[in-house]
2 protein chains.
Amino acid sequence: MTWTRNPEPPGGERRGYHHGNLREALLAAALSLIAEKGPAGFTIAEAARLAGVSPAAPYRHFRDAEALLAEVALRGFERFELALSRAWNNGAADPVRAFEALGRAYLTFARQEPAYYAAMFEARIDRAGYSALEAAGDRAFGVLREASERLASSLPRERRPPSLMVALHVWALAHGIATLFVRPDPSRRKLPMSAEDLLEAGVLVYLQSLGLAGGSAFGPPPRAT
Amino acid sequence: MTWTRNPEPPGGERRGYHHGNLREALLAAALSLIAEKGPAGFTIAEAARLAGVSPAAPYRHFRDAEALLAEVALRGFERFELALSRAWNNGAADPVRAFEALGRAYLTFARQEPAYYAAMFEARIDRAGYSALEAAGDRAFGVLREASERLASSLPRERRPPSLMVALHVWALAHGIATLFVRPDPSRRKLPMSAEDLLEAGVLVYLQSLGLAGGSAFGPPPRAT
DNA sequence: ATGTCATGTGAACAGGTTTTACATCACGGC
DNA sequence: GCCGTGATGTAAAACCTGTTCACATGACAT
């Protein structure tokens, strides 16, 4: 790995023959192109044009377009993990509230970083060829996994659900809502409520059934008290 | 030897200058290309090659690649609606069981028709330009919407959840599981259980909380009786 | 100063898209 | 039966992008 020392030119003008920080410039260009036209709309040639270099220059830094996308996705997973960790905050105060915050952070990330989210989940990258990417994805999921574990551990063993299952359910629900309703996609559907509220309601209903959250806004099955 | 004619006529014979059924042949070619390389990997030129015609011929039938994809997605939604309807079967017998069957049908479709599913949900088609596509998508969702309504109507009004919300939750959960774990994608993750079981468990937990299903495998909160 | 190597250029080739002019054929009026 | 017309397919061309190659540049160590 190269640690480039050249600070980025604040003015943005060319430095002469060598760019100075082309790798980062390409990643930034890829991000804005993905945000604009999706992972499939991104091309190496256009990223090179945005960076102000010839179409062949990017190949000095990335083997091909997929490698560049994989790097974007990798960084996305790292930011994602950080955002989820901060929201979860180790379950500080009320674990259920922290869990809700985790869910909201999921959608907030999808909403505020659509390019990263698309690179992470929509670009069809062969994970086998990018083990670092797979590991980063696993670490991000690990935050949700651990939060589920903590939630479940608040119950007595005999009523404790498999925390992996809980994590998978919540992840799938959040991802489904993100892809169907949050992405700034022309195919997005309209929703009668915010995606965040939809997710929060869904998670509350789900957790309530497991005995992990209090009553929701909708009628629970009849119970004493 | 530029584009050799493909002497493979499954249902339509070679007809000399004119293909005879090029529109359908292109749709079939698009399906197999999407299945192989995703919606982004599909090109008009390759579809034309598969159909045994010149690269310009498809433009007699589709304005551009997006129009062809939109037609594939439209047919996909029609098949999808049919599959969901059959599974729901108007809620015959037990509505909860029918609802489960609906969920399984969702994943079965995603598993058995990955090309259609990708065209429907992964190809970034501007729905505004294809109102028929949008309508077909709404009809498919309508099946889930109506099933949720039927389920909810089994409860007394004061404990009845908003059926649209239930439909959105179940749809998002099913879609999330489908995109994360079912698609034959190189980025697919491994799962400790079948996607169908994961969805069924999730829906059961969810419905139980609303008072719409009996006890799940995991301990519900303590209640009277 | 000098050699070396990472980095960028320019040219070349392959393929995809889309348009235009033309070729072929199916079909219906006569 | 003949023929004209529109639908469908071809060929060619102009224009993209991806990718590779030989070569140019200059940052840096010696």
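Structure: see above.
Predicted model, so just to flag it, every value in this text is computed and none were measured.

**Details of helix α7 (residues 163-182) of chain A**
Okay, step 1: An ideal rise of 1.5 Å per residue puts 28 Å on 20 residues; α7(A) measures up with 27 Å between its terminal C-alpha atoms.
Okay, step 2: Burial runs high along α7(A): 19 of the 20 residues are buried.

**Observations regarding the packing of aromatic side chains**
All names here are of chain A.
Okay, step 1: Following the criterion strictly, the structure yields 19 aromatic pairs over all chains and no others.
Okay, step 2: With 4.9 Å between their ring centres and 50° between their planes, F80 and F109 make a pair best called tilted. Of this pair, F80 sits in helix α3 (residues 65-88) while F109 sits in helix α4 (residues 95-112), and the two are 29 residues apart along the sequence. For the residue pair F80 and F109, the accessibility class agrees, reading buried in each case.

**Overview of helix α1 (residues 22-41) of chain B**
Residue and element names in this part refer to chain B.
Okay, step 1: Here α1 contains 20 residues, and its C-alpha end-to-end distance of 21 Å is more than 12% below the 28 Å for a straight helix at 1.5 Å per residue.
Okay, step 2: At A35, α1 is bent by approximately 95°, the largest bend along its length, and proline P39 sits one to four residues beyond.
Okay, step 3: The complete set of buried residues in α1 reads L22, A25, L26, L27, A29, A30, L31, L33, I34, G38 and P39.
Okay, step 4: Buried residues belonging to α1 abut α2 (44-51), α3 (65-88) and α5 (114-121).

**Let's talk about the interface of chain B and chain A**
Okay, step 1: Contacts between the two partners involve 53 residues from chain B and, on the opposite side, 53 residues from chain A.
Okay, step 2: Carbon and sulfur atoms supply 66% of the area that chain B and chain A bury against each other, a total of about 4600 Å² over both sides.
Okay, step 3: Taken together, the links from chain B to chain A amount to 2 salt bridges.
Okay, step 4: Note that A:R124 is salt-bridged to B:E122, the shortest N-O span being 3.2 Å.

**Side note on the pattern of salt bridges**
When the charged atoms of two side chains lie near each other, side chains of opposite charge can form a pair.
All names here are of chain A.
Okay, step 1: Counted by the stated rule, this structure contains 25 salt bridges over all chains.
Okay, step 2: Of the charged contacts in the structure, one is a salt bridge between D64 and R63, with a shortest N-O distance of 3.3 Å.
Okay, step 3: Classification of D64 by relative accessible area gives partly exposed; the value is 26%.
Okay, step 4: Here R63 falls in the exposed class, since its relative accessible area comes to 60%.
Okay, step 5: Linked by salt bridges that have partners in common, R23, E24, E71 and R75 make up one network.

**Some thoughts on unusual backbone geometry**
Okay, step 1: A positive phi angle, near 50°, is found at A:N89, a position not held by glycine.
Okay, step 2: Relative to the elements of secondary structure, A:N89 occurs in the loop between α3 and α4.

**Here we look at the relation of the copies chain B and chain A**
Okay, step 1: Mapping chain B onto chain A is achieved by rotating through 180° and translating by 0.0 Å along the same axis, at an RMSD of 0.1 Å. Classification of the inter-copy transformation places it as that of a two-fold axis.
Okay, step 2: The overlap is high: 100% of the interface residues of chain B also sit at the interface in chain A, so the same surface is used on both sides.

What counts, and at which threshold
Residues numbered from 1 in each chain as written. Chains lettered and ligands numbered in written order. Predicted model: local features only at pLDDT ≥ 70, side-chain atom pairs only at ≥ 80, totals over all residues. Heavy atoms only, no water. Helix = DSSP H or I, 4+ residues; strand = E, 2+ residues; numbered from the N terminus. Expected span 1.5 Å × (residues − 1). Buried < 20%, exposed > 50% of the residue type's maximum accessible area, 1.4 Å probe, protein only. Phe/Tyr/Trp six-rings, centres within 6.5 Å; stacked < 30°, edge-to-face > 60°. Bend = angle between axes of the 7 residues up to and from the residue. Contact = heavy atoms within 4.5 Å. Buried area = accessible area lost by both parts, 1.4 Å probe. Salt bridge = Lys/Arg side-chain N within 4 Å of Asp/Glu carboxyl O. Least-squares fit on C-alpha atoms with pLDDT ≥ 70 in both.

Taken by themselves, the reported measurements are silent on function.
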